[in-house]
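Chain residues, written in single-letter form:
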Amino acid sequence: MATKRSNKGGSQASGKDSQKVRDSILEAFAAHWSEEGEPPRSVARFCRNLAITEAVFFKHFPSLHAVEKAFWRGWISGIISAVEEGDDWEEFAARERYLAFLFALTQSANERRSLLLERFHDISPLSHPGALEGMRGEFLEFAGRLIDHGTSSGEIAERRGLTALYPGILYVHLRWVIDQYLKDESEGFERTDAFIEKTVTLAFDLFRSQALDSAADLLRFLLPGNPWSGCSGNGK
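Residues numbered from 1 in each chain as written. Predicted model: local features only at pLDDT ≥ 70, side-chain atom pairs only at ≥ 80, totals over all residues. Heavy atoms only, no water.

Q: Honestly, the side chain of Asp 184 in this entry has me stumped. Any pointers?
A: As for its placement among the helices and strands, Asp 184 is situated in the loop between helix H8 (166–183) and helix H9 (190–208). Buried charge without a salt bridge: Asp 184, with Arg 191 as the nearest opposite-charge side chain at an N-O distance of 5.0 Å. Setting aside its immediate chain neighbours within four residues, Asp 184 contacts Arg 113, Phe 189, Glu 190, Arg 191 and Thr 192. (Helix = DSSP H or I, 4+ residues; strand = E, 2+ residues; numbered from the N terminus. Buried < 20%, exposed > 50% of the residue type's maximum accessible area, 1.4 Å probe, protein only. Lys, Arg positive; Asp, Glu negative; His and termini not counted. Salt bridge = Lys/Arg side-chain N within 4 Å of Asp/Glu carboxyl O. Contact = heavy atoms within 4.5 Å.)

Structure representation (structure tokens):
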């Protein structure tokens, strides 16, 4: 029995050490990009600076691109976990939950502003870089839970196919918030706070009202068939 306990303890210690190495790789990657203005390009040089072997690196990540994907996924996941574990989370309506998340995100962004400027300054909020797929996936799951909470309470109107689009709409909004934050030069980023409050209010007003239903009906009327194909046809 003593031997089994010893093995278990060794396994736990090994797991903690492995996580420590993984975290150090992620932090070193972020620090390099923030300080140098570009992500690391060479695994060999990156490992030498971090004082680890390439074998250790590849045990955790298949490439530097994978490190970036894991970093952004971990960043957004950490913010989501922090707000969902808040004392008042269960009492919040969907709108309040989303606001809490966005304000927590901007607070966290203050610690990563240099890196965020390097990653996001020249890409559109509508773009989908492969390095952000993990971040996008984590957020869409969170947004899905948020929308479900809103529909179950009646705060968000259930609209068959349209409701399924809401998480994606909120992801575009999230990227828009990041873009606004990075362009904000007001004291204490007050304009970003105001932007968040006003756009979230508008979004949830639309989610609750019949405005989206009316817009969808108008779109179907104006663009019969596939709406993305326009109104072209064989008519004279």
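Q: Honestly, helix H5 (residues 94–111) in this entry has me stumped. Any pointers?
A: For an α-helix the count is 3.6 residues per turn, leaving residues at separations of three or four pointing the same way. The end-to-end C-alpha separation of H5 is 27 Å, in line with the 26 Å expected for 18 residues at 1.5 Å each. Looking only at H5, the buried set comprises Ala 94, Arg 97, Tyr 98, Leu 99, Phe 101, Leu 102, Leu 105, Thr 106 and Ala 109. Those residues of H5 hidden inside the fold are in contact with helix H4 (64–84), helix H6 (113–120), helix H7 (133–153), H8 and H9. (Expected span 1.5 Å × (residues − 1).)

Q: I tried to follow the packing of H8 against H9 on my own but got confused; where do I start?
A: Two quantities define a packed helix pair, namely the angle between the helix axes and the distance between the axes. Running from N to C, H8 and H9 point in directions that differ by 165 degrees, and their axes come no closer than 10 Å. By the angle between their axes, H8 is roughly antiparallel relative to H9. Along this stretch, H8 crosses H9, giving a crossing that reads as right-handed. Contacts between H8 and H9 involve Tyr 166, Ile 169, Leu 170, His 173, Trp 176, Val 177, Gln 180 and Tyr 181 from the former and Arg 191, Thr 192, Phe 195, Ile 196, Thr 199, Val 200 and Phe 207 from the latter. Looking at the contact of H8 with H9 residue by residue, the classes come out as ten nonpolar, four polar and one charged. (Axes fitted to C-alpha atoms, helices over the stretch in contact; angles between N-to-C directions. Parallel < 35°, antiparallel > 145°, perpendicular 65-115°, else oblique. Left-handed = near helix turned anticlockwise from the far one by under 90°. Nonpolar A, V, L, I, M, F, W, Y, C, P; charged D, E, K, R; others polar.)

Q: What exactly am I supposed to notice about the environment of Thr 163 here?
A: Tracing the backbone shows Thr 163 in the loop between H7 and H8. Residue classification places Thr 163 among the buried residues on the basis of a relative accessible area of 9%. Not counting the four nearest positions on each side in its chain, Thr 163 is found in contact with Ile 147, Thr 151, Ala 157 and Glu 158. Among the polar contacts made by the side chain of Thr 163, one reaches the main-chain amide nitrogen of Arg 159 at a distance of 2.7 Å. (Polar contact = N/O pair within 3.5 Å; in protein donor to acceptor, adjacent residues only side chain to side chain.)

Q: What exactly am I supposed to notice about the packing of H5 against H7 here?
A: For the pair H5 and H7, interaxial distance at closest approach is 8 Å and the crossing angle is 155 degrees. It follows from the interaxial angle that H5 and H7 lie roughly antiparallel. Contacts between H5 and H7 involve Ala 94, Arg 97, Tyr 98 and Phe 101 from the first element and Phe 139, Phe 142, Leu 146, His 149 and Gly 150 from the second. Its residues assigned to classes, the contact of H5 with H7 shows six nonpolar, two polar and one charged.

Q: Hey, could you run me through H9 in this one?
A: Taking 1.5 Å per residue, 19 residues should reach 27 Å; H9 reaches 27 Å between its end C-alpha atoms and fits that length. The set of residues buried in H9 consists of Thr 192, Phe 195, Ile 196, Thr 199, Val 200, Ala 203, Phe 204 and Phe 207. Each buried residue of H9 sits inside an arc of 140 degrees when the element is viewed along its axis, so together they form one side. Pointing more than 90 degrees away from the buried face of H9 are the exposed residues Glu 190, Arg 191, Lys 198 and Leu 202. (Arc of directions from axis to C-beta.)

Q: Can you help me understand the pattern of salt bridges in this one?
A: It is possible for side chains of opposite charge to pair when their charged atoms get near one another. Throughout the structure, instances matching the rule amount to seven salt bridges. Between Arg 112 and Glu 27 there is a salt bridge; the shortest N-O distance is 2.8 Å. Taken together, the positions of Arg 112 in the loop between H5 and H6 and Glu 27 in helix H1 (residues 2–36) put the pair 85 residues apart, joining distant regions of the chain. Take Arg 112: its relative accessible area is 23%, and that puts it in the partly exposed class. Given a relative accessible area of 39%, Glu 27 falls into the partly exposed group. Linking Glu 90 and Arg 97 is a salt bridge whose minimum nitrogen-to-oxygen distance equals 3.9 Å. Residue Arg 97 is classed as buried on the basis of its relative accessible area of 9%.

Q: Mind showing me how you'd approach the side chain of Arg 113 here?
A: Tracing the backbone shows Arg 113 in helix H6. In this structure Arg 113 is buried but unpaired, with Glu 185 as the nearest side chain of opposite charge at 6.7 Å. From its side chain, Arg 113 meets the backbone oxygen of Leu 182 in a polar contact 3.3 Å long. Not counting the four nearest positions on each side in its chain, Arg 113 is found in contact with Tyr 181, Leu 182, Asp 184 and Phe 189.

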